Amino acid sequence: MGADTSGRGVIRRAVAGQRRDVVVGSLLGAAHQTGEALVPVLIGLIVDRAVVRPDGGALALWLVVLAVVYAMLSYGFRFGARAGERAAEQAAHRLRLDVVRRVLAPHGGAEAGRPPGALVNVATEDARRVGALNMALTLGIAAVVGVVAGAVLLLRASVPLGLLVLVGAPVLMALGHYLARPLEHRSEAEQERAAHASGVAADLVAGVRVLKGLRAERAAVARYRATSQASRDANVRAARAAALQTGLMLTLTGAFIALVALVGGRLVLSGSIGLGALVSAVGLALFLPGPIAVLAWVGAELAKARASAARIADVLAAPGETTGGTAEPSAPGGAAARTASGPDTPASATTGPETPTTAATPTPGELRLHRLGHGGLHGIDLTVPAGEHLGIVVTDTADAATLLRCLARRCDPDQGRIELDGTPLTELAPAALRSTLLVAEHDAQLFDGTLLDNVTAAAPAGADPHPAMAAAAVDEVAATLPGGTTGGIGERGSSLSGGQRQRVALARALAADRAVLVVHDPTTAVDAATESRIATGIRRARTGRTTVLVTSSPALLAATDRVVLIDGGTVAAEAPHEDLVRDHPVYRSAVLT
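Residues numbered from 1 in each chain as written. Predicted model: local features only at pLDDT ≥ 70, side-chain atom pairs only at ≥ 80, totals over all residues. Heavy atoms only, no water.

Student: Describe empty space enclosed by the protein, listing the residues and the values that go with them.
Tutor: For the structure on display, the rule yields 2 cavities of 30 Å³ or more. If you trace the largest cavity, you find it lined by L367, L369, L382, V384, I392, L403, L407 and V548. Within the residue set of the lining of the largest cavity, elements represented by two or more residues are β1 (367–374), β2 (377–384) and α11 (397–407). For the second largest cavity, the calculated volume is near 30 Å³. Of the residues in the lining of the second largest cavity, the class split is 3 nonpolar, 2 polar and 2 charged. (1 Å grid on protein atoms, 1.4 Å probe; cavity = no way out; pocket = protein on both sides within 12 Å on 5 of 7 lines; lining within 4 Å. Points joined across faces, edges and corners; volume = space filled by probe spheres on them. Helix = DSSP H or I, 4+ residues; strand = E, 2+ residues; numbered from the N terminus. Nonpolar A, V, L, I, M, F, W, Y, C, P; charged D, E, K, R; others polar.)

Next up, the structure:
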C-alpha cells in the first residue's frame, strides 16, 4: 500500500496498477467507437457513389470496406471489453488484499468500531465498485473518442452540424457530472447501511445458540428487521437518485439529438448537403446517443466508486492500536541468564521445586511486568522466570481482559512496560513477538475444516500435533467425529459442543509451541474430570516452557508452580495455590465460589 490512503489515493492506485489493461482496452474500445461512427458515413458514400449513380463494381468495393469496418469494431469491442473487465477484477482483487492485510496487520486498529460484517462489505462490495471504475474508464475513454469521431465526420459533412455537436457534447458531459453528485452521497449512505446490516446479521448468526438459550429470538429478529429496513430505505433512495440522474441525462440527450436532426433537415431542404450526406448525418445523429449515454453512466459509476473508495480509505488509514518495533527477542543467555532473585524480582518468584533457577543453562521466555499501568491495572510488578508454570487470578474480569491485551500487545500500556527476555515488547518486531509469545484468549475462534487442520493452524512445519491433542483431551473429541482427526468440525466449530471447542482451541495453542504461552480460562465449559486431566496435560506438554494461566480454575491452578492474585488492579498476593486457598480469603472466594 502506498502512503496516500485517501479516497483519491485508493482510486489512483486502483487505476494506475492496471494501466496496461486500461490503455489496451481504451485503444480497442476507441477502435470500436470509431468503426461505429464510420458505418453511417460509409453507407452515405455507398448511396452517393453506387446507388444514386448505379455502379456494381463500386457497390461491391464499398461493401467489402464496410465488412472490414464491421470486423474491426466487433473485435475491438470484444477484446477491449475483455481487457477492461480484467483490469476491473484485478484491481478489486488487489484492494481486497489491501483491506485484509490492514485488518490482519499486527498493530491492529482496523476493526475498531466496525463489526465483522461491515469489514466484509468493504472488502467485497466496495472493492468491487472501485475496481469496476477501470471498466468504466475504458468505456468512457472510448465513448469520448466516439463523440469526437462523430463530430469530426459531421464537420466534414456539414460545418454547422459538427460545431453543434462539439459545443453540445461537453455541455451534456458537464451536466452529467453535476447530476451525479447527489448519487455519490446517497451511494455512500447506502453502503454504510448495507455494511451495518451485514454486521448485525453476522453477529446474530454467530450468537444464534446464545439467543435461543435466552429465548431472545423475537428481540433479535426485531433488531435485524429495523436494521434491514434502514438499509432498504437507503438503497431505495440511492436507486431513486440513480434513476433521476439517468432519466434526466436521457431526456437531455434526446433533446440534443432532436436538435441535431432538426438542423440537419433544414440544411437538406436548403440544398446545402446531398442525399448521401443526409443519410450520414442522420446515422451519426442516431449513433451519438450511445457514447453520450455511456459518458453519463461513467459519471454514475465514478460517483459510486468515490463513495466506496472513501470507505476503503477509512479502513486503510485506521490508526493502529500499537506502534511497531524492529528488534528481535534476546538470545538465550541474555536477560534469561540473570538469576530470578534480582532487585526487581519478588522473592517468591524463585520458590517451588520446579522453578528453574540455574543460570548455567538458560532458556528463553522470561517475562517481566515492570510498574505496569493500563485501564484498571496499577503498578503491576511481576517476573515470570523462563520455564515457570504460573497461575494468575484476577478478581475483575475487565482487569483480566486488559492484562491479556497488554501481553498480546494489542495495546501499549499507559505506564510501565512489559519485557520479554529483557527487551520491551514495544521494541520488538510484531512478527518476532508473535513467534515467541502467544496469548490464547478465552473466546478463540475455530475455522471451517478438519479437526487436525485447526490444531495445526499455528504449529511449526513438520511438528507432531498428537502430544498437544492428548494434553488438551482432544483425542476424546476426535473419537466422536465420523472421520476422527480428519473429520470436519463445521464453521466456527459448529458441530462441536462448547467444551469440545475449548479443547480444540487449547490444543492449537499448545501445538504452536511458543516459548511463552498465555492462556485465558481454557476449561470453563469442560467437566471436572476432563479438566483435571487437561491440567496435568498442560503441565507435561509445556515442560521447560514459560506458561501463564489466567484462570480461576482450582484444577489448573493446583498444577502451577505459584499463583499471583491481582485484586483491585494490583498484585495482592503470590504463593502456591494451596497456601493461598488456606490463608487468603479474597483468593479463596475468587477460586472456590
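There's plenty left to go through after this.
Student: Tell me about the pairing of β1, residues and numbers included.
Tutor: The buried count for β1 comes to 6 of 8 residues, which makes it a mostly enclosed element. Pairing geometry for β1 and β2, over 5 bridges, is antiparallel. Looking at β2, one finds that R368 is bridged to T383. Following β1, the chain reverses through 2 residues before pairing antiparallel with β2; G375 in that reversal takes a positive phi of roughly 60°. Pairing of β1 with strand β4 (residues 415–420), which is carried by 5 bridges, proceeds in the antiparallel orientation. Each residue of the ladder has a partner; that of L369, found in β4, is I418. (Buried < 20%, exposed > 50% of the residue type's maximum accessible area, 1.4 Å probe, protein only. Pairing = 2+ DSSP bridges.)

Student: Can you lay out the pattern of salt bridges for me, pointing to particular residues and giving the numbers?
Tutor: For the structure shown, the criterion picks out 19 salt bridges. With its nearest N and O atoms 2.7 Å apart, the salt bridge here joins D475 to R533. With D475 in helix α15 (residues 474–480) and R533 in helix α17 (residues 528–541), the pair connects residues that are 58 residues apart, well separated along the chain. Given a relative accessible area of 35%, D475 falls into the partly exposed group. When its relative accessible area of 32% is taken as the criterion, R533 is described as partly exposed. (Salt bridge = Lys/Arg side-chain N within 4 Å of Asp/Glu carboxyl O.)

Student: If you had to explain the pairing of strand β10 (residues 570–575) to someone new, which residues and values would you point to?
Tutor: Pairing geometry for strand β9 (residues 562–567) and β10, over 5 bridges, is antiparallel. Across the sheet, L565 pairs through a bridge with A573, a residue of β10. Once β9 ends, the chain turns through 2 residues before running back antiparallel as β10, passing G568 with a positive phi of about 70°.

Student: Describe a nonpolar patch on the surface, with residues and values.
Tutor: On the surface, V167, V171, L175 and L252 cluster together into a nonpolar patch covering about 310 Å² of accessible area. Within the secondary structure layout, L252 lies in helix α8 (residues 217–269). (Patch = residues over 30% accessible without salt bridge, like charges linked within 9 Å, V, L, I, M, F, W, Y side chains within 5 Å. Areas by Shrake-Rupley, 256 points an atom, 1.4 Å probe, with all protein chains shown as cover.)

Student: I'd love a proper account of the sheet that holds β1, names of residues and values included.
Tutor: Strands sit in the order β2-β1-β4-β5 across an open sheet of 4 strands; the sheet is antiparallel. Where the open sheet ends on each side, the last strands, each with one partner, are β2 and β5 (423–424). Across the face of the sheet, α11 comes into contact with β1, β2 and β4 while running at roughly 125° to β1. (Contact = heavy atoms within 4.5 Å. Axes fitted to C-alpha atoms, helices over the stretch in contact; angles between N-to-C directions.)

Student: Residue-level account of the packing of helix α16 (residues 498–511) against α17, with values.
Tutor: Relative to each other, α16 and α17 sit at 5°, their axes nearing to 12 Å. As far as their axial angle goes, α17 and α16 are roughly parallel. Where α16 approaches α17, its residues R503, L506 and L510 are matched on the opposing element by T530, I534 and I538. Class assignment of the residues belonging to the contact of α16 with α17 gives a composition of 4 nonpolar, 1 polar and 1 charged. (Parallel < 35°, antiparallel > 145°, perpendicular 65-115°, else oblique.)

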